[in-house]
Amino acid sequence: MTPHQGLPVSGYKPQSDENVKIVNGFKQDEERILRKLDELAASAEPGAVDGRWFAIGRTQLEQAFMAINRSIFQPGRVKLPEDK
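Quantities reported herein were computed from a predicted structural model and do not represent experimental measurements.

Student: Would you take a moment to explain the pattern of salt bridges for this structure?
Tutor: This structure, assessed with the given rule, holds five salt bridges. Salt bridges sharing common partners tie together Asp 38, Arg 58 and Glu 62.

Student: Explanation requested: the side chain of Gln 15 in the structure shown.
Tutor: Note that Gln 15 resides in the segment before α1 (17-43). Residue Gln 15 is classed as buried on the basis of its relative accessible area of 7%. There is a polar contact of 3.3 Å between the side chain of Gln 15 and the backbone oxygen of Lys 13. A distance of 3.0 Å separates the side chain of Gln 15 from the side chain of Asn 19, its partner in a polar contact.

Student: Whenever I open this one, the packing of α1 against helix α2 (residues 51-73) confuses me. Can you help?
Tutor: Axis angle and axis distance: for two packed helices, these are the angle between their axes and the distance between the axes, and together they describe the pair. Here α1 crosses α2 at 175°, and the two axes come no closer than 10 Å. Relative to α2, the element α1 is oriented roughly antiparallel. Taken together, the residues of the contact of α1 with α2 break down into 15 nonpolar, two polar and six charged.

Student: Hey, could you run me through the packing of aromatic side chains in this one?
Tutor: Aromatic rings in a pair are described by how distant their centres are and how their planes are angled relative to each other. Following the criterion strictly, the structure yields one aromatic pair and no others. Lying over the aromatic face of Trp 53, Arg 52 brings its terminal NZ or CZ to 5.2 Å of the ring centre.

Student: Would you explain the layout of surface pockets in this entry?
Tutor: It is the rolling of a water-molecule-sized probe over the atoms that shows where space remains empty. The space that makes up the largest pocket amounts to roughly 220 Å³. Lining the largest pocket are 13 residues; nearest its centre among them are Lys 27, Phe 65, Met 66, Asn 69 and Arg 70. Elements supplying a minimum of two residues to the lining of the largest pocket: α1 and α2. Counting residues per element, the lining of the largest pocket draws most heavily on α2, which supplies seven residues. When grouped by side-chain class, the residues that make up the lining of the largest pocket number seven nonpolar, two polar and four charged.

Cut-offs applied
- Residues numbered from 1 in each chain as written.
- Predicted model: local features only at pLDDT ≥ 70, side-chain atom pairs only at ≥ 80, totals over all residues.
- Heavy atoms only, no water.
- Salt bridge = Lys/Arg side-chain N within 4 Å of Asp/Glu carboxyl O.
- Helix = DSSP H or I, 4+ residues; strand = E, 2+ residues; numbered from the N terminus.
- Buried < 20%, exposed > 50% of the residue type's maximum accessible area, 1.4 Å probe, protein only.
- Polar contact = N/O pair within 3.5 Å; in protein donor to acceptor, adjacent residues only side chain to side chain.
- Axes fitted to C-alpha atoms, helices over the stretch in contact; angles between N-to-C directions.
- Parallel < 35°, antiparallel > 145°, perpendicular 65-115°, else oblique.
- Nonpolar A, V, L, I, M, F, W, Y, C, P; charged D, E, K, R; others polar.
- Phe/Tyr/Trp six-rings, centres within 6.5 Å; stacked < 30°, edge-to-face > 60°.
- Lys NZ or Arg CZ within 6 Å of the ring centre and 35° of its normal.
- 1 Å grid on protein atoms, 1.4 Å probe; cavity = no way out; pocket = protein on both sides within 12 Å on 5 of 7 lines; lining within 4 Å.
- Points joined across faces, edges and corners; volume = space filled by probe spheres on them.

In short, the description is geometric, and any link to function would need to be established separately.
Dropping the structure here:
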């Protein structure tokens, strides 16, 4: 297992090959679903889809994938300059 360097963002740590593979798989799954939603939005007859609920559902799907990926990468809290 080669550890991948964490993002150059505070709180992210190095990740194993397996974790990167898992998260990349979820990112692909997310993209497939988002593309289906894009197709539905583009092809639906006016009024056939409730836009408000559609937007809520899309946002919650994005949040779900983000939460799952965070559960794997486990970013941590960061130290602030004022912390002693």
